[in-house]
Amino acid sequence: MVDSTRRLRLSTLALAILAAVVVEIGCSSSGAPSDGSGAGAAGGGSGSGGQGGSGGAAGSQGGGRGGTVGGCGVCPAGFVCLDGGCVPCAACPTCFQCMAGRGGSGGTTGSAGTTGSGGAGGRGGTTSTAGTTGTAGTGGTTMPGRTACGTTTCDAATQDCCISGSWQGTCAAKGSCTSGVLSCSSSASCSGGQICCATVATDGRPTAACAAAPCPSFQLCSRPAECAGGEPCTGMIFPGSPAVCDRCAGVTCNTSQLCCPSSGRCCPAGSGSCCP
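We now turn to the structure provided with this report. (Residues numbered from 1 in each chain as written. Predicted model: local features only at pLDDT ≥ 70, side-chain atom pairs only at ≥ 80, totals over all residues. Heavy atoms only, no water.)

1. Some remarks on the state of the cysteines
A disulfide bridge is the covalent bond that connects two cysteines by way of their sulfur atoms.
Phase 1 of the analysis: Under the defined criterion, the tally for this structure stands at 12 disulfides.
Phase 2 of the analysis: A sulfur-sulfur separation of 1.8 Å characterises the disulfide bridge that pairs Cys197 with Cys215. The sign of the -80° torsion about the S-S bond sets the Cys197-Cys215 disulfide as left-handed. You can see Cys197 sitting in strand β8 (residues 195–200) and its partner Cys215 sitting in the loop between β9 (206–211) and β10 (218–220), a full 18 residues away along the chain.
Phase 3 of the analysis: For Cys215, a relative accessible area of 6% gives the class buried.
Phase 4 of the analysis: Here Cys253 is linked by a disulfide to Cys266, with a sulfur-sulfur distance of 2.0 Å. Given an S-S torsion of about -90°, the disulfide between Cys253 and Cys266 has left-handed geometry. (Disulfide = S-S within 2.5 Å. Helix = DSSP H or I, 4+ residues; strand = E, 2+ residues; numbered from the N terminus. Buried < 20%, exposed > 50% of the residue type's maximum accessible area, 1.4 Å probe, protein only.)

This is how it looks when you write it as structure tokens:
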């Protein structure tokens, strides 16, 4: 009875060693899984007078944790049966049972981001209307018997146009103006073939009255035909004044001279006697 038990233990040990060899061969192979259909190893030799050992059971291909081989029982996940005990797979990373199912599946490829929509195009600007042309400077009135005075006209027979220090014109009774005074603004304001002549005082106060031609200084006008020699009717004697004949039109002076607007002569710059 003792010999039979010893022979059974020896047979079991031989099977465990054979199983370890088979596992090692499986770990070092090219990775092709075996179908586990090989026949178990033959039982150990017969003892004296004893019965020969029975053939080992066919090996099974086990993935994950081991079965009941070698008396290990059922090893927990992450362990493998080795040398009669359960050892962690970290101690035998090349063991077939530990390698089975080790590789995780690859992560899913992220979806491409959506393309942002383009911004809406701005509206075209509206075309602005052309600016209105500015009004020309105040010219002498062509109305007979009237005197241009700012934005209005005065009765040349009974009124004068009074010019204030800020160049504003207002109609007032003749002879009542205390600053600048215009009794005419062109030949149309006068009678008997007279023209409108003007002077400017040293303090800038203007004076205009009807007189016989030619004017010794400025001539107020409403059109070029009134000016001697067809001079332009474009000058002025104060801001917003009635137009005057431009006597310097077409006159060229040297670099040290200036054209005197009251006479149309070239005078030395700053000469008060030449250009009063």
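What follows continues from the structure just given.
2. Notes on the nonpolar core
Among soluble globular proteins, nonpolar side chains are generally buried collectively.
Phase 1 of the analysis: Counting 15 residues, the largest nonpolar core has Cys161, Leu182, Cys196, Ala198, Ala208, Leu220 and Ile237 as the members making the most contacts within it.
Phase 2 of the analysis: At the level of elements, β5 (159–163), β8 and β10 are the ones that each hand at least two residues to this core.
Phase 3 of the analysis: Excluding anything up to four places from it in sequence, Ala208 contacts Val181, Leu182, Ser183, Cys184, Cys196, Cys197, Ala198 and Leu220. (Core = buried A, V, L, I, M, F, W, Y, C linked by side-chain atoms within 4.5 Å. Contact = heavy atoms within 4.5 Å.)

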